[in-house]
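A structural walkthrough
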Amino acid sequence: MPGTYRFSFGPWNIHEGADPFGPPIRPTVAFARKLEQYRGLGFEGVQFHDDDAVPDMEKLSPAQITAQAKEVKKVLDDAGLVAEFSAPRLWEDPRGVDGGFTSNDPAARRWAVERAKRCADIAHGLGTNFMVWWLAREGTYIREAKNAIEAHRWLLESLNEILLYDRQITIAIEPKPNEPMDHAYIPTIGHALALAAQSADPSRVGGLIESAHAILAGLDPSDEMAFALAAGKLWSVHLNDQNGLKFDQDKAFGAADLRRAYNQVRVLELAGYADTERFIGLDVKAMRTQKPEAATRHLANSRRFFLALVDKHRTLNHAAAGQAVAQRDYEQLEALILEHLMGLK
Ligand code: 3MF
Ligand code: MG
């Protein structure tokens, strides 16, 4: 019996459509209303930034923060949803303006670590042991602004402090090569897993791979995933698509390159990812032009395209593909794949 997939997204994936050149164009959807839509769209996992769960966390004590996170857990339970992870949103606070863990300012670095501790508390309150670190501003606008050697050591020290603070927490690092910074310090899954290996507890540090981030690094997302899967370290994904080297587009899964999307599905299928507890996260954005009533289509569509590609993988003539591989007839293999994807045979 082939496994079935579980899907997740974050509340930020239902959004007002603002971009750097224009203000919001759709009304804000209340958090509670967003949660109501998950099931209908085919999703059961909710991804949280720490302050998605506890919006005013900077003004609250650790005990109050945990209590609020537990309240959110009750809402999730009632809606038949589960929290996948909590992620420290360091990049919106003025203290994180030049990065948190790698800021030149020791007070900002201390703040970042304390914030990450609260984020771990929030994860537990929400009923999960899982954190994701997208290292938004951990990098530089100009290289000379920081000592990168020192910065990498600070990053590792921060990671270790969280691992020692919370013996249950597991952390997936989400690499991205740029944006908002010009140069980000952990641009690929290789960097993320090297950091994990040096950490105080390598068994509790893994990776989350986002398709667009790999593409922005000039890499193939399915090979990035394979690298993590081979090490047992692919703990979540942010599937989406990206049309070349430009701003992070977060297009619907498969929208720019269907064959590349197929290969991501294929590698997840080869790894038996569906049989794990892990989620298929869809980090996709609605186009600015979408009207409010049609501003969740990108989520339902991405999930549908993913499942259609799963079906394509499962219904491929694997015997014929295997034969082509055995004969090193990759022209035949390629034709077989394209014909199958296009429904020609
Ligand atoms: C940025 C991202 C982020 C992260 C999110 C969770 C807004 O390019 O992809 O989404 O995925 O912060 O870690
Ligand atoms: Mg992402």
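Small disclaimer: the values here were computed from a predicted structure and weren't measured.

Another point: the overall build of the protein chain. Each helix and strand counted, the protein chain has twelve helices and ten strands in total. Relative to the 2.2 N^0.38 estimate, which gives 20 Å for 345 residues, the radius of gyration of the protein chain is 20 Å and therefore close to what a compact globule would have. Referenced to the eigenvectors of the C-alpha coordinate spread, the extents of the protein chain come out at roughly 60 × 45 × 40 Å. In the protein chain, buried positions account for 51% of the 345 residues. Partitioning the intrachain contacts of the protein chain with sequence separation of at least 6 by distance along the chain shows that 76% fall at a separation of at least 24. Of the accessible surface of the protein chain, which amounts to about 15,900 Å², a share of 54% is contributed by carbon and sulfur atoms. Here the protein chain carries 40 positive and 47 negative side-chain charges, and the mean point of each set is 2 Å from the other.

All right, on to the pattern of salt bridges then. Considering all chains together, one arrives at 25 salt bridges under this definition. With a shortest N-O distance of 3.1 Å, K74 and E71 are connected by a salt bridge. With K74 and E71 both in helix 3 (residues 62-79) and three residues apart, the pair spans about one turn of that helix. By relative accessible area, K74 is classed as partly exposed at 47%. Look at E71 and you get partly exposed, because its relative accessible area is 45%. The closest approach of N and O atoms between E114 and R118, which form a salt bridge, is 3.8 Å. Remark: R118 and E114 occur in helix 4 (residues 106-126); sequence separation between them is four residues, near one turn of the helix. Here the salt bridges share partners, and the residues they tie into one network are D50, D51, D52, E58, R89, D93, R95 and R115.

Within the structure shown, the criterion is met by ten aromatic pairs. When the ring of F7 is compared with that of F43, the centres are 6.1 Å apart and the planes differ by 70°; the resulting orientation is edge-to-face. With F7 in strand 1 (residues 6-9) and F43 in the loop between helix 1 (31-41) and strand 2 (45-49), this residue pair connects regions lying 36 residues apart in the sequence. The exposure class of F43 is buried, given its relative accessible area of 1%. Taken together, the ring pairs connect Y5, F7, F9, Y38, F43, F253 and F306 into an aromatic cluster. Cation over ring: R109 sits above W154, and NZ or CZ is 3.6 Å from the ring centre. R278 extends its terminal NZ or CZ atom over the ring of F130, reaching a point 5.4 Å from the ring centre.

So, about the site of ligand 1. The local shell around ligand 1 holds 13 residues, among which H49, E174, H213, H238 and D283 are the closest. Separating an oxygen atom of ligand 1 from a side-chain N or O atom of E210 is a distance of 2.9 Å. Contact between ligand 1 and D283: an oxygen atom at 2.9 Å from a side-chain N or O atom of the residue. Here ligand 1 has 350 Å² of accessible area as a free molecule, and 91% of this is covered by the chains.

A few words on the nonpolar core. Counting 75 residues, the largest nonpolar core has Y5, F101, M131, W133, I280 and F306 as its most contacted members. Sorting elements by how many residues they give to this core places helix 4 first, with nine residues. With residues up to four places along the chain from it excluded, the contact list for F101 reads L90, R109, A112, V113, A116, W133, L135, E138, W154, L155 and S158. Counting residues in hydrophobic clusters, the runner-up holds seven residues, among them A87, F130, V132 and L208.

Now for the coordination of the magnesium ion (ligand 2). Protein-derived coordination of the magnesium ion (ligand 2) comes from E174 (OE), E210 (OE), H238 (ND1) and D283 (OD), at a distance range of 2.0 to 2.2 Å. Seen from the magnesium ion (ligand 2), its six donor atoms lie at angles of 80 to 178°, and the figure they make is octahedral. Here the donor residues of the magnesium ion (ligand 2) share one chain and are spaced in sequence as E-x35-E-x27-H-x44-D. Note that E210 is positioned in strand 8 (residues 205-210) and D283 in the loop between strand 10 (279-282) and helix 10 (297-315), a separation of 73 residues in sequence.

So, about the side chain of T140. On the secondary structure map, T140 appears in strand 5 (residues 139-140). Taking the relative accessible area as the measure of exposure, T140 reaches 2% and is therefore buried. Here the side chain of T140 touches I142 through a polar contact of 3.4 Å, landing on its backbone oxygen. Excluding residues within four positions of it along the chain, T140 makes contact with A145, K146, M181, D182, H183 and Y185.

Judged by side-chain polarity, L338, M342 and L344 come together as a nonpolar surface patch covering roughly 310 Å² of accessible area. Here L344 is to be found in the segment after helix 12 (330-342). Judged by relative accessible area, L344 falls into the exposed class, the value being 57%.

What counts, and at which threshold
Residues numbered from 1 in each chain as written. Chains lettered and ligands numbered in written order. Predicted model: local features only at pLDDT ≥ 70, side-chain atom pairs only at ≥ 80, totals over all residues. Heavy atoms only, no water. Helix = DSSP H or I, 4+ residues; strand = E, 2+ residues; numbered from the N terminus. Rg over C-alpha atoms; globule rule 2.2 N^0.38 Å. Buried < 20%, exposed > 50% of the residue type's maximum accessible area, 1.4 Å probe, protein only. Contact = heavy atoms within 4.5 Å. Areas by Shrake-Rupley, 256 points an atom, 1.4 Å probe, with all protein chains shown as cover. Lys, Arg positive; Asp, Glu negative; His and termini not counted. Charge placed at Lys NZ, Arg CZ, Asp CG, Glu CD. Salt bridge = Lys/Arg side-chain N within 4 Å of Asp/Glu carboxyl O. Phe/Tyr/Trp six-rings, centres within 6.5 Å; stacked < 30°, edge-to-face > 60°. Lys NZ or Arg CZ within 6 Å of the ring centre and 35° of its normal. Near = heavy atom within 4 Å. Polar contact = N/O pair within 3.5 Å; in protein donor to acceptor, adjacent residues only side chain to side chain. Core = buried A, V, L, I, M, F, W, Y, C linked by side-chain atoms within 4.5 Å. Donors = N, O, S within 2.8 Å, 3.2 Å for Na, K, Ca; no water. Tetrahedral: all angles 85-135°; square planar, octahedral: opposite > 155°, others 65-115°. Patch = residues over 30% accessible without salt bridge, like charges linked within 9 Å, V, L, I, M, F, W, Y side chains within 5 Å.

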